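One letter stands for each residue in the lines below.
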Amino acid sequence: MVRKKRILQWVFTGIILLGIVSGGIVYYYLFYPQLHPSKTVYVYVDRDDTADSIYNKIEKNGSAANLIGLKWLVRYKSPPFQVRTGRYAIRPQDNAYHVFSRLYRGHQEPVNLTIGSVRTLDRLARNIGKQLMIDSAEIARQMFDSTFQLQIGYNNATLPCLFIPETYQVYWNMSVEDFFKRMQKEHELFWNDKRMAQASILGMTPTEVCTLASIVEEETNNNEEKPVVAGLYMNRLYMNMPLQADPTVKFALQDFALRRISNENLQINSPYNTYINTGLPPGPIRIPTKKGIESVLNYTKHDYIYMCAKEDFSGTHNFASNYADHMTNARKYWKALNERKIFK
């Protein structure tokens, strides 16, 4: 009887010890810190990833001691683990359970998406493709789809007006559809009642404001000068005088490296040639910044109708209200170009 009692005690003690050991093992592999990056890092899970490739990414980026606990959870969790695309954080001292929980539930971290003031939609598509899971070809295909453009009220020439250069927080795995919905939302937020009223006072639509703003920004990088340049072009528009903006000729030629416009360049037959066409070109010659748009909406009132780059190559301009003064300024600039042997 005593012997039987002792056996039961040993069995009971063994079970307790086994439970303690088992619990310790489970705690170690699931809840003890197993990931040791020096700072928060991120794992990007795309459409082609499998559980094994995710393990490799976590091991590489997360300085993992081991991934046994994570593999247990992936194998035995119910409902079964499914790969969810996205950008996931791996923090110092993370354990397998926390990492698995993010992957399992799709709790990803947002990324900063920067929409830049670029000259062409092709360039914009490439830039977006470098920042998101979306391939640049997917973006371009949607951008240049005429049916889609019609649905949102644009065409190839005016579509750059949709985009407001800024840095936005988005999810890395957002779809093409979600990307354009976000851009439409940001466009509507920017073009609030105040800015719409300002454009109306000028007798312009937001698209026309964006188009003029793009020319202003190609003319000068000097923010203080932009409202002055905008005022000059507004004067020309009100006078029904050709804008004669060199950047529009560069856009027509698709040669943005030109530093000197020749008489031959000015003959190009294009709606973007503002030397032979009055009014605004069909659309922007780049995606204008908020500053550029504000420079048009709040342009400086003056009587200038001519401008010429300064001969000191400072990036600023000499302005004139009559042709004689303008030619004096132009000769100074031409002389400086010739001295530097800049002929095109």
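Data block above holds the structure.
Owing to the predicted nature of the structure, the values given are computational and were not obtained by experimental measurement.

S.K.: Whenever I open this one, the overall build of the protein confuses me. Can you help?
M.R.: The number of helices and strands found in the protein is 14 helices and six strands. Relative to a compact globule of 344 residues, whose C-alpha radius of gyration would be 20 Å, the protein shows 31 Å and is clearly more extended. For the protein, the spread of C-alpha atoms along the principal axes amounts to about 125 × 45 × 35 Å. Split into buried and exposed, the 344 residues of the protein put 44% on the buried side. Relative to all contacts within the protein whose residues are 6 or more apart in sequence, the contacts with residues 24 or more apart total 64%. On the protein, roughly 19,200 Å² of surface is accessible, and the fraction owed to carbon and sulfur atoms is 51%. Positive and negative side-chain charges of the protein, numbering 42 and 32 respectively, have mean locations separated by a distance of 11 Å.

S.K.: Help me understand the packing of helix H10 (residues 206-219) against helix H11 (residues 226-238), please; the structure alone is not making it clear to me.
M.R.: To characterise two packed helices, one gives the angle between the axes of the helices and the distance between these axes. Two elements in contact, H10 and H11, have axes separated by 9 Å at closest approach and are oriented at 130°. In terms of orientation, H10 and H11 fall into the oblique class. Where H10 crosses over H11, the handedness of that crossing is right-handed. Along the contact surface, H10 presents Leu212, Ile215, Val216, Glu217 and Glu219, while H11 presents Lys226, Val229, Ala230, Tyr233, Met234 and Leu237. Partitioned by chemical class, the residues of the contact of H10 with H11 number eight nonpolar, no polar and three charged.

S.K.: Sorry if this is basic, but what is going on with unusual backbone geometry here?
M.R.: Across residues other than glycine, the phi torsion is negative in most instances, and most of the peptide bonds are trans. Ser78 connects to Pro79 through a cis peptide bond whose omega is -5°. In the Ramachandran plot, Ser63 falls in the positive-phi region, its phi being about 45° despite a non-glycine side chain. Mapped onto the elements of the fold, Ser63 is located in the loop between helix H2 (51-62) and helix H3 (68-76). In this structure, Gln254 is a non-glycine residue whose phi angle is positive, near 55°.

S.K.: What is the right way to read a nonpolar patch on the surface from this model?
M.R.: Judged by side-chain polarity, Ile25, Val26, Tyr27, Tyr28, Phe31, Tyr32, Ile68, Trp72, Tyr76 and Tyr97 come together as a nonpolar surface patch covering roughly 960 Å² of accessible area. Elements supplying a minimum of two residues to the nonpolar patch: helix H1 (2-31) and H3. Ranked by residue count, the leading element in the nonpolar patch is H1, at five residues. By secondary structure assignment, the location of Trp72 is in helix H3.

S.K.: When you look at helix H13 (residues 290-297) in this model, what are you seeing that I'm missing?
M.R.: Note on helix geometry: an α-helix contains 3.6 residues per turn, so any two residues three or four positions apart are oriented the same way. For H13, the complete set of buried residues consists of Gly292, Ile293, Ser295, Val296 and Leu297. Tucked into the core, H13 has its buried residues touching helix H8 (176-190), helix H9 (193-202), H10 and H11.

S.K.: Would you take a moment to explain the nonpolar core for this structure?
M.R.: In a soluble, globular protein the nonpolar side chains are often hidden away together inside. Ranked by size, the top nonpolar core spans 59 residues in total, and within it Met143, Phe163, Phe179 and Tyr233 carry the most contacts. The dominant element in this core, judged by the number of residues it contributes, is H10, at six residues. In this structure Phe179 touches Leu113, Ile115, Ile128, Leu132, Ile134, Ile139, Phe163 and Met174, once residues within four positions along its chain are discounted. By size, the runner-up hydrophobic cluster in this structure holds 20 residues, among which are Val41, Val43, Leu70 and Val74.

S.K.: Would you take a moment to explain the packing of aromatic side chains for this structure?
M.R.: Any two aromatic rings considered together are summarised by their centre-to-centre distance and by the angle between their planes. Taken as a whole and judged by the stated rule, the model has 17 aromatic pairs. Taking 5.1 Å as the distance between ring centres and 25° as the angle between the ring planes, the aromatic pair formed by Phe100 and Tyr104 counts as stacked. Here Phe100 and its partner Tyr104 are both found in helix H4 (residues 96-105), four residues apart, which amounts to about one turn of the helix. There is no split in this pair, since Phe100 and Tyr104 are both buried. An aromatic cluster is built from Tyr28, Tyr29, Tyr32 and Trp72, whose rings are joined through pairwise contacts. Stacked on the ring of Phe190, the Lys or Arg Arg195 has its end atom at 4.0 Å from the ring centre.

S.K.: Is there a simple way to think about the packing of H11 against H13 in this case?
M.R.: One way to put it is that H11 packs onto H13 with a least axis distance of 8 Å and a crossing angle of 50°. By the criterion of interaxial angle, the relationship of H11 to H13 is oblique. Our pair here, H11 against H13, has a crossing hand that is right-handed. Note on element contacts: H13 touches H11 through Lys291, Ser295 and Val296, opposite Lys226, Pro227 and Ala230. In terms of residue class, the contact of H11 with H13 is built from three nonpolar, one polar and two charged.

Cut-offs applied
- Residues numbered from 1 in each chain as written.
- Predicted model: local features only at pLDDT ≥ 70, side-chain atom pairs only at ≥ 80, totals over all residues.
- Heavy atoms only, no water.
- Helix = DSSP H or I, 4+ residues; strand = E, 2+ residues; numbered from the N terminus.
- Rg over C-alpha atoms; globule rule 2.2 N^0.38 Å.
- Buried < 20%, exposed > 50% of the residue type's maximum accessible area, 1.4 Å probe, protein only.
- Contact = heavy atoms within 4.5 Å.
- Areas by Shrake-Rupley, 256 points an atom, 1.4 Å probe, with all protein chains shown as cover.
- Lys, Arg positive; Asp, Glu negative; His and termini not counted.
- Charge placed at Lys NZ, Arg CZ, Asp CG, Glu CD.
- Axes fitted to C-alpha atoms, helices over the stretch in contact; angles between N-to-C directions.
- Parallel < 35°, antiparallel > 145°, perpendicular 65-115°, else oblique.
- Left-handed = near helix turned anticlockwise from the far one by under 90°.
- Nonpolar A, V, L, I, M, F, W, Y, C, P; charged D, E, K, R; others polar.
- Patch = residues over 30% accessible without salt bridge, like charges linked within 9 Å, V, L, I, M, F, W, Y side chains within 5 Å.
- Salt bridge = Lys/Arg side-chain N within 4 Å of Asp/Glu carboxyl O.
- Core = buried A, V, L, I, M, F, W, Y, C linked by side-chain atoms within 4.5 Å.
- Phe/Tyr/Trp six-rings, centres within 6.5 Å; stacked < 30°, edge-to-face > 60°.
- Lys NZ or Arg CZ within 6 Å of the ring centre and 35° of its normal.

What is shown is where atoms sit, not what they do.
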